[in-house]
Amino acid sequence: MPLSLIAEQLLNGLQLGLMLFLLAAGLTLVFGIMDMINLAHGSLYMVGAYLAAAVTEASGSFWLGLLGATVATAAVGAALEVSLLRRLYARSHLSQVLATFAVILIANEIVRMIWGSQPILLNPPPALAGPVQVGSVRYPAYRLVVIGVGLALALLLWLLVSRTRAGMRVRAGASDRTMAEALGVDIRTLFTAVFALGAALSAVAGALLGPLLAVQVGMGENILILAFVVITIGGIGSIRGALLGSLLVGLLDTAGRAFLPFLFRKMFPAAVAAEAGPAMAAMSIYMLMVAVLYFRPAGLFPARG
Amino acid sequence: MIEAVLRVSGLQKRFDGVLALDDVSLELARGELHALIGPNGAGKTTLIHLLSGALKPNAGAIALDGRDITRLGMHQRVRLGLARSYQITSLFPNFTVLENLALAVQGASGRADRERARAELDAVGLGPRGEALAGTLAHGERRQLELGLALATGARVLLLDEPMAGMAPEEAMRIVTLLEALKGRRTILLVEHDMDAVFRLADRITTLVQGRTIASGAPEEIRRHPEVRRAYLGDGMMV
Amino acid sequence: MRDTLRIPLRPRPALAVVAMLVLLPIAALAAGQPFYLVFAARVLIYALIASSLNLLIGYGGMVSFGHAAFVGAGAYTVAVLMPMGIGSAWLLWPAALLAGALLALAIGAICLRTSGVTFIMMTLAFAQMAYYLVLSLQVLGSDDGLALPKRPSLGVLDLGGDTAFYYVALAVLLAGLLAMRALLNAPIGRALQGIRDNETRMEALGFATYRLKLLVFVIAGAAAGLGGGLLASLNGLVGPNLFNWTESGLLMVMVILGGAGRLIGGALGAAVLLAAEELIAEHTIHWPLGIGVLLLAIVLFAPQGLAGLARRVGSDP
Ligand SMILES: Nc1ncnc2c1ncn2[C@@H]1O[C@H](COP(=O)(O)OP(=O)(O)OP(=O)(O)O)[C@@H](O)[C@H]1O
Ligand SMILES: [Mg+2]
């Protein structure tokens, strides 16, 4: 197997991992701080992708599309929090599951009403359409930019959470809500802000992945489950855990998809290998989660002591 | 000759590197009421967790009737006749008082015997409250039921963690009377801060301070023990 | 003596509902809508499956997010055995039940070591593994699934007719609900609900909680496997999506919608959800929007689910 192929797959894995992190960060904070299971998080990712496509189409600029989608989705997230989710914090996880499942159905249908059932197109900026040479690897320029943006946002988020007053409050909230309240943190505003931030990050992920995957109804559901896997592996409420979990899952998934069929070809007929490879790769993610949870039920970096 | 029903030797428990219990040894003779006293944070509840199987020790051994039970799970120890009550009340709020007790009867014996549950209800002084949901009880009643659950298992050896905590004096008095009636019939390890009750009830007393037993003996010995007096001076409980 | 946990059998409403269900095929045939019988049979089967999940979630506090795996196991068992020449439902359905039970035993033995959110994610993980495994196995038809040569037979009863199938599904559901009620009213049912409310204390009262939960997990898996076997027999085909997490999610939604921890919660949720889908879909292609709004209304205004709502309304003078 050529070394350049391995390098390329590593980059792909890093890219998927970073995008997963953008989704997982908001999810883990909402879960950790508000003890809220939000299945609708994937819908915000979908809404972000659609809005990015719409604004890009209207303005002719992908970057304007990205910016517009981020701001608008943050607003949608805040509105969702204030109007509905806020009423669910005190309720059981079961009620939260039912309510946010309902939100998925509603969001999917509204998107379908506006944009139709067919996937819509979101083109990367033309300047980034071609490949560039990275060492010995020719790699799509756009994917490199996605990695760059992902890394920058991960760093920014880490600085925000670990180095600012607001971040300290968020961490206090994630590890002990009553304690945070006793410290005089305005929980209501904090929750709304965290939720809007999570929505904005999902929108960025949706917009950036739009040109690589399809922008279509239901795109949020499967990635949502992956994001839940990520935050469970990492430890619910932990940004550090979300980052590590995302990278683990991203790399494992990509490596599995790329190399398992390769491996299987040596053992099985080609057709079998082609079928089994990707499925086995997907399976490996869940095996990883079971292994982690079996030995560390609270994940790799539990936020609550 | 005293016969040790419960024998604890060299028990040690560490939490994140901090020693909560250090080389604790203890023997309960059949039918005795053995009080365990000590200031807050001494490790009394931790010892009960270890004896009941809620926690596993880092070192040491526990034997019930000569049989090593150190590695057994909680429910297995109950089946062998060793039950506990909780310092922080732990009930089934959606079950009635009687149903709570019926569960306790069922747990230890494997059979749901409502008649026995009713008998336990009267024994613990909650006779008229059998039909009330446990979640609606007043604090004192909740403590009575907490104790009742441990009694209803029918266990020969009882580990009682501050059964009178937070009770009004007359309620506490009822528990003291109840325990007095049990004396001799069951073997009891009683953790209690109320020294009047302890000295009235106990056959022997062990004092735990910072995870170590500093004294063990008859009530009169403990009352005069210089180290015990020193440990308690700040508390002003033993004048 | 007051017995708050005992699930009463209210003969009058129960018989009324059963009578309605028994008369339904006659009404459907009279109205010239016989194809509704297949739909009705599907509802009955989902009612059984959702009830088995309700036993776990509502009564055992075990929020399983992988219940679809047991359904899938039962369905594929039937689909694999039929082409081997086994055509009798007397063999196929017990085999489906056994497949669900065995898979539940394996998954439960591991997952029940954990609790809370970890348990939810562990059950999800195993179901997803099963999903991808089926997807990758060509002998199981990969993503095309398998088709059954015909419907199984039940001795003299030919299940090829939709009416016959409907009545068999109804009988299985009623038997299942009665068995569930008996289980819950028995001491083991008390113990199960005690574990749901306060597992540590149950352990301290002498209950082998892990073993008890595993037993109930296996019972629920068996019922779900049987449901899967019925579903495969009814539809004549099985696909890997039976295992997918969306299917587990749907079952969970049925339980919460109907009322977790109410005997008929699962059945009610399945019936209302599937019927609402069918009804709204007749009027608009955007029917999921209607379902979404309905579910949201239930969460906000009927926190105990439909069964809880019915009880509240029923007890008002
Ligand atoms: N799970 C735990 N993790 C870490 N430390 C613990 C844990 N449980 C108890 N401790 C510590 O062990 C020590 C003994 O606690 P324990 O509850 O046994 O005291 P106690 O004698 O029962 O006190 P009290 O009279 O207040 O009930 C305390 O310092 C406590 O903080
Ligand atoms: Mg204590």
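**Overview of the pairing of strand 1 (residues 131–134) of chain A**
Residues and elements named next belong to chain A. Looking at chain direction, strand 1 and strand 2 (residues 137–140) are connected through 4 bridges and run antiparallel. Within strand 2, the residue paired with Val132 across the bridge is Tyr139. As consecutive antiparallel partners, strand 1 and strand 2 are separated by 2 residues, and within that stretch Gly135 has a phi angle of approximately 60°, a positive value.

**Observations regarding the nonpolar core**
Counting residues in hydrophobic clusters, the biggest one holds 200 residues, and the most contacted among them are A:Phe228, C:Trp93, C:Phe217 and C:Leu295. If you tally residues by element for this core, the top one is helix 2 (residues 36–60) of chain C, at 17 residues. Apart from residues lying up to four places away in sequence, C:Phe217 is in contact with C:Leu56, C:Met62, C:Ser64, C:Phe70, C:Ala104, C:Ile107, C:Gly108, C:Leu112, C:Phe119 and C:Thr123. Formed by 58 residues, the second largest nonpolar core is a distinct cluster that contains B:Leu91, B:Met164, B:Ala172 and B:Leu179.

**Let's talk about the sheet that holds strand 8 (residues 187–191) of chain B**
All names here are of chain B. The strand order 6-7-8-3-9-10 describes an open sheet built from 6 strands, whose pairing is mixed. Of all the strands in the sheet, the pair left with one neighbour each is strand 6 (82–84) and strand 10 (212–217). Strand-to-strand twist of the sheet, defined as the mean angle between neighbouring strand axes without regard to direction, takes the value 15°. Here strand 3 (residues 33–37) pairs with strand 9 (residues 204–209) via 4 bridges, running parallel. By the bridge assignment for strand 9, Ile37 is matched with Thr207. Against the sheet, helix 1 (residues 44–52) touches strand 3, strand 6, strand 7 (157–161), strand 8 and strand 9, its axis set at about 150° to strand 7.

**Here's the deal with the coordination of the magnesium ion (ligand 2)**
Ideal values differ by geometry: the angle at a metal is 109.5 degrees with four tetrahedral donors, but 90 or 180 degrees with six octahedral donors. Residue and element names in this part refer to chain B. For the magnesium ion (ligand 2), the protein coordination sphere consists of Thr45 (OG1) and Gln87 (OE1), at 1.9 to 2.1 Å. Note that Thr45 is positioned in helix 1 and Gln87 in the loop between strand 6 and helix 3 (97–109), a separation of 42 residues in sequence. Look at Gln87 and you get partly exposed, because its relative accessible area is 32%.

**Some thoughts on the confidence of the model for chain B**
Low-confidence regions, as indicated by low pLDDT, have predicted coordinates that should not be scrutinised in detail. A residue-level look at chain B finds 96% of positions with pLDDT of 70 or above and a mean pLDDT of 91. The least confident element of chain B, judged by mean pLDDT, is helix 9 (residues 226–233) of chain B at 75; the most confident is strand 7 of chain B at 97.

**Examining the interface of chain C and chain B**
On the chain B side, the residues contacting the 23 residues of chain C number 29 residues. The interface formed by chain C and chain B holds 1 salt bridge in total. At the surface where chain C touches chain B, the tally comes to 9 residue pairs in polar contact (both at pLDDT 80 or more). For the side of chain C that touches chain B, the elements supplying multiple residues, two or more each, are helix 7 (187–197) and helix 8 (199–204) of chain C. Ranked by the residues each element gives to the side of chain C that touches chain B, the list is headed by helix 7 of chain C, at 7 residues.

**Structural notes on the side chain of A:Gln15**
Residues and elements named next belong to chain A. By the secondary structure assignment, Gln15 is in helix 1 (residues 3–34). Using a relative accessible area of 3% as the deciding quantity, one classes Gln15 as buried. Beyond its immediate chain neighbours, meaning those up to four positions away, Gln15 contacts Tyr139, Arg143, Val146, Ile147, Leu209 and Leu212.

**With respect to the side chain of A:Thr254**
All names here are of chain A. Note on placement: Thr254 falls in helix 10 (residues 239–267). Reaching out from Thr254, the side chain makes a polar contact with the backbone oxygen of Gly250 at a distance of 2.7 Å. Apart from the residues within four sequence positions on either side, Thr254 is in contact with Gln9, Asn12, Gly13 and Leu16.

**Observations concerning helix 11 (residues 265–283) of chain C**
The terminal C-alpha atoms of helix 11 of chain C lie 27 Å apart, and with 19 residues this matches the ideal 27 Å at 1.5 Å per residue to within 8%. The complete set of buried residues in helix 11 of chain C reads C:Gly265, C:Gly266, C:Ala267, C:Gly269, C:Ala270, C:Leu273, C:Leu274 and C:Ala276.

**Considerations on the site of ligand 1**
All names here are of chain B. Around ligand 1, a shell composed of Phe15, Ala20, Asn40, Gly41, Ala42, Gly43, Lys44, Thr45, Thr46, Gln87, Glu162 and His193 is seen. At a separation of 2.9 Å, an oxygen atom of ligand 1 approaches a polar side-chain atom of Asn40. With respect to ligand 1, the backbone of Gly41 contributes an N or O atom lying 2.8 Å from an oxygen atom. Coverage of ligand 1 by the protein amounts to 58% of the 630 Å² it exposes when considered alone. In terms of residue count, helix 1 provides more of the shell around ligand 1 than any other element does, 3 residues in total. Of the residues in the shell around ligand 1, the class split is 3 nonpolar, 7 polar and 2 charged.

**Concerning the sheet that holds strand 2 (residues 18–29) of chain B**
All names here are of chain B. Judged by pairing direction, the sheet is antiparallel, and its 4 strands sit side by side in the order 2-1-4-5 without closing on themselves. Two strands close off the open sheet at either side, each with one partner strand: strand 2 and strand 5 (67–68). Where strand 1 (residues 4–15) lies against strand 4 (residues 59–64), 5 bridges are found, and the strand directions are antiparallel. In the sheet register, Gln12 faces strand 4, and the bridge partner there is Ala59.

Conventions adopted
Positions within a chain are numbered from 1, following the residues in the order the chain's sequence is written. Chain A is the first chain written and ligand 1 is the first ligand written, with later ones labelled in order. Only residues with pLDDT of at least 70 get local features here, since the model is predicted, and only at 80 or more are side-chain atom pairs given and counted; chain-wide, interface and lining totals rely on the full set of residues. The side-chain values count all of the structure's non-hydrogen atoms but skip hydrogen atoms and water molecules. Each pair of strands is called paired provided DSSP finds at least two bridges between the two strands. Runs of H or I in DSSP of at least four residues are treated as helices and runs of E of at least two as strands, each being numbered from the N terminus. We call a set of buried Ala, Val, Leu, Ile, Met, Phe, Trp, Tyr and Cys residues a nonpolar core when their side-chain atoms join them within 4.5 Å. Exposure classes here rest on a 1.4 Å probe applied to the protein chains alone. A residue is buried below 20% of its type maximum, exposed above 50%, and partly exposed in between. Contacts are residue-level and defined by heavy atoms, with any inter-residue pair within 4.5 Å sufficient. A fitted line through C-alpha atoms represents every axis, and for helices the fit uses only the stretch in contact; the resulting angles, taken between N-to-C directions, go from 0 to 180 degrees. Listed donor atoms are N, O and S within 2.8 Å of the metal (Na, K and Ca: 3.2 Å). As water is not included, a site may look incomplete. Scored from 0 to 100, pLDDT records how confident the predictor is in each individual residue. For salt bridges, the criterion is a side-chain nitrogen of Lys or Arg within 4 Å of an Asp or Glu carboxyl oxygen. Polar contact is defined as a pair of N or O atoms within 3.5 Å, subject to the rule that within protein one atom must be able to donate a hydrogen and the other to accept it, and that residues adjacent in sequence are counted only when both atoms are side-chain atoms. To estimate how far a helix should reach, multiply one less than its number of residues by 1.5 Å. Residue proximity to a molecule or strand is established when one non-hydrogen atom of the residue lies within 4 Å of it. Method for areas: the Shrake-Rupley scheme with a 1.4 Å probe, in which residue coverage is limited to the protein chains shown. Residues are grouped as follows: Ala, Val, Leu, Ile, Met, Phe, Trp, Tyr, Cys and Pro are nonpolar; Asp, Glu, Lys and Arg are charged; all remaining types, including Gly, are polar.

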